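Below, each chain spelled out in residue letters.
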Amino acid sequence: MASVNKLELWNGALSGDTLGTAYSLEGLQTDFVGVLNLSALSATNVIVKIQRSPDNIVWFDWITFTTATATGNEAKDATIPGMSWVRANFDFTGGAQTGTAVVTLHFDKKSK
């Protein structure tokens, strides 16, 4: 079993809608697991996505986690079709859109 590599797309506090830093996936395999660990939330809810891009300019939603209304964890399998950049996207919706959440989002390679 191969070891699992992690690319941490976001680890820290959020205040309102946030786009994470873009990271290149060049040279990595195409099968991944996106993992969301939401350890604190003081907003009505937050939509967390992993976006992908072929050029780090035009972005597409790729993995959308279940809309978070409380703390918790979620993992989703995904295959990346030739896109070489990824980033985290956080969209607060509902009443307390300026709430703060602490979110750790990993992008894990599947073991082969």
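All figures in this text were calculated on a predicted structure; none of them were measured in a lab. (Residues numbered from 1 in each chain as written. Predicted model: local features only at pLDDT ≥ 70, side-chain atom pairs only at ≥ 80, totals over all residues. Heavy atoms only, no water.)

Let us look at the nonpolar core. One finds Val-46, Ile-50, Trp-62 and Val-86 to be the most contacted residues of the largest nonpolar core, which totals 20 residues. Examining the composition of this core, we find that four residues originate from one element, strand S8 (residues 85–93), more than from any other. (Core = buried A, V, L, I, M, F, W, Y, C linked by side-chain atoms within 4.5 Å. Buried < 20%, exposed > 50% of the residue type's maximum accessible area, 1.4 Å probe, protein only. Helix = DSSP H or I, 4+ residues; strand = E, 2+ residues; numbered from the N terminus.)

Applying the stated criterion across every chain, the model contains two salt bridges. Residues Lys-49 and Asp-61 are paired through a salt bridge, measuring 2.7 Å at the closest nitrogen-oxygen approach. Here Asp-61 lies in strand S6 (residues 60–64) and Lys-49 lies in strand S5 (residues 45–53), a separation of twelve residues in the sequence. Exposure remark for Asp-61: the relative accessible area of 40% places this residue in the partly exposed category. Note that Glu-74 is salt-bridged to Lys-76, the shortest N-O span being 3.9 Å. Given a relative accessible area of 29%, Lys-76 falls into the partly exposed group. (Salt bridge = Lys/Arg side-chain N within 4 Å of Asp/Glu carboxyl O.)

Before going further, it helps to spend a moment on unusual backbone geometry. The backbone of Asn-56 sits at a positive phi, close to 65°, despite the residue not being glycine. Among the secondary structure elements, Asn-56 is positioned in the loop between S5 and S6.

Turning our eyes to something else, we now look at a nonpolar patch on the surface. On the surface, Ile-57, Val-58 and Phe-60 cluster together into a nonpolar patch covering about 290 Å² of accessible area. The exposure class assigned to Phe-60 is partly exposed, which follows from its relative accessible area of 37%. (Patch = residues over 30% accessible without salt bridge, like charges linked within 9 Å, V, L, I, M, F, W, Y side chains within 5 Å. Areas by Shrake-Rupley, 256 points an atom, 1.4 Å probe, with all protein chains shown as cover.)

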